Amino acid sequence: MAKLNVEVVTGERIVFQEDDVDMVIAPGADGTLGILPRHAPLISTLALGEMRVKKGGQEESLFIAGGFIEVAHDTVRVLADTAERSEEIDLARAQAARDRAEARVASRASEIDLLRAEIALRRSLVRLRVGQRTRGRATSGRPGGDRS
């Protein structure tokens, strides 16, 4: 049976590399992408979100913030602006980023600051959600997760 080869890289490093993967679920710019072996060739931009890699009965989560995904010949390559494996996420730092972003959103200082604060809040929520998935426990009552 066909399997996928998956590679996630940023400008600084290889974040994830695995062979014999069953499925990849990625945050495409126009919606969630589900990629199985023998997928048609594809190039797409990526949005802020969680990427999941399924292999056997295991699933690995990664935080992804922007970039591109390419699928060809049972190979999935992600060139991400930012990417982290779930176990690399510092939950305390992500929580602090969420708290700072929430305070900035609540202050509504200016339109530009509000937009930046909302983006930072969204990143922190995604990062927290991804980081908490691996640890199997929540550190707050709210869903979410990322640090800015």
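In the block above lies the structure referred to throughout.
Quantities reported herein were computed from a predicted structural model and do not represent experimental measurements. (Residues numbered from 1 in each chain as written. Predicted model: local features only at pLDDT ≥ 70, side-chain atom pairs only at ≥ 80, totals over all residues. Heavy atoms only, no water.)

1. Description of the overall build of the protein chain
Part 1 of the argument: For the protein chain, the count of helices and strands is two helices and eight strands.
Part 2 of the argument: For the protein chain, the residues scored as buried account for 43% of the 148 residues in total.
Part 3 of the argument: Counting contacts in the protein chain only where the partners sit at least 6 residues apart, residues at least 24 apart contribute 50% of the total.
Part 4 of the argument: Accessible surface for the protein chain amounts to roughly 8100 Å². Of this, 51% is attributable to carbon and sulfur atoms. (Helix = DSSP H or I, 4+ residues; strand = E, 2+ residues; numbered from the N terminus. Buried < 20%, exposed > 50% of the residue type's maximum accessible area, 1.4 Å probe, protein only. Contact = heavy atoms within 4.5 Å. Areas by Shrake-Rupley, 256 points an atom, 1.4 Å probe, with all protein chains shown as cover.)

2. A look at a positive patch on the surface
Part 1 of the argument: Residues Arg-93, Arg-100, Arg-104 and Arg-116 make up a contiguous surface patch of positive charge.
Part 2 of the argument: Sort the elements by how many residues they give to the positive patch and helix H1 (residues 91–107) lands first, with three residues.
Part 3 of the argument: Within the secondary structure, Arg-100 is located in helix H1. (Patch = residues over 30% accessible without salt bridge, like charges linked within 9 Å, V, L, I, M, F, W, Y side chains within 5 Å. Salt bridge = Lys/Arg side-chain N within 4 Å of Asp/Glu carboxyl O. Lys, Arg positive; Asp, Glu negative; His and termini not counted. Charge placed at Lys NZ, Arg CZ, Asp CG, Glu CD.)

3. A look at the environment of Met-51
Part 1 of the argument: Considering the arrangement of structural elements, one finds Met-51 in strand S6 (residues 49–55).
Part 2 of the argument: Given the relative accessible area of 0%, Met-51 is considered buried.
Part 3 of the argument: Along the chain, Met-51 and Phe-63 lie twelve residues apart, while their C-alpha atoms are 6.4 Å from each other.
Part 4 of the argument: Excluding its chain neighbours within four sequence positions, the residues that come into contact with Met-51 are Val-6, Val-8, Val-24, Ile-25, Ala-26, Pro-27, Glu-60, Ser-61, Leu-62, Ile-64 and Val-78.

4. Remarks on H1
Part 1 of the argument: Look at H1: 24 Å from first C-alpha to last across 17 residues, which is about the 24 Å you get at 1.5 Å a residue.
Part 2 of the argument: For H1, every residue scored as buried is listed here: Leu-91, Ala-94, Gln-95, Ala-97, Arg-98, Ala-101 and Val-105. Buried residues of H1, seen end-on, are gathered within an arc of 160 degrees and therefore sit on one face of the element. What points out from H1, more than 90 degrees from its buried face, is the exposed set Ala-92 and Ala-106. (Expected span 1.5 Å × (residues − 1). Arc of directions from axis to C-beta.)

5. Points about the packing of aromatic side chains
Part 1 of the argument: A complete count under the given rule lists zero aromatic pairs for this structure.
Part 2 of the argument: Above the face of the Phe-63 ring, Arg-127 is positioned so that its terminal group lies 4.1 Å from the ring centre. (Phe/Tyr/Trp six-rings, centres within 6.5 Å; stacked < 30°, edge-to-face > 60°. Lys NZ or Arg CZ within 6 Å of the ring centre and 35° of its normal.)

6. Some remarks on the pattern of salt bridges
Part 1 of the argument: Under the counting rule described, the total for this entry stands at twelve salt bridges.
Part 2 of the argument: The partner of Arg-85 in a salt bridge is Glu-60, and the shortest N-O contact between them spans 3.0 Å. Taken together, the residues Arg-85 in strand S8 (residues 75–85) and Glu-60 in strand S7 (residues 58–72) connect sequence positions 25 residues apart.
Part 3 of the argument: When the shortest N-O distance is used, the salt bridge between Glu-87 and Arg-85 registers 3.0 Å.
Part 4 of the argument: Each member of the salt-bridge network shares a partner with another, and the members are Arg-52, Lys-54 and Glu-59.

7. Focus: the pairing of S7
Part 1 of the argument: Bridging between strand S5 (residues 42–46) and S7 involves five bridges; their strand directions are antiparallel. The residue bridging Ser-44 from the neighbouring strand is Ile-69, located in S7.
Part 2 of the argument: Where S6 folds back on S7, the antiparallel hairpin that results is connected by two residues, among which Gly-56 adopts a positive phi of roughly 60 degrees.
Part 3 of the argument: Bridging between S7 and S8 involves ten bridges; their strand directions are antiparallel. Its bridge partner being in S8, Ala-72 is matched across the sheet by Thr-75.
Part 4 of the argument: Linking S7 to S8, which pair antiparallel, is a turn of two residues; within it His-73 sits at a positive phi near 50 degrees. (Pairing = 2+ DSSP bridges.)

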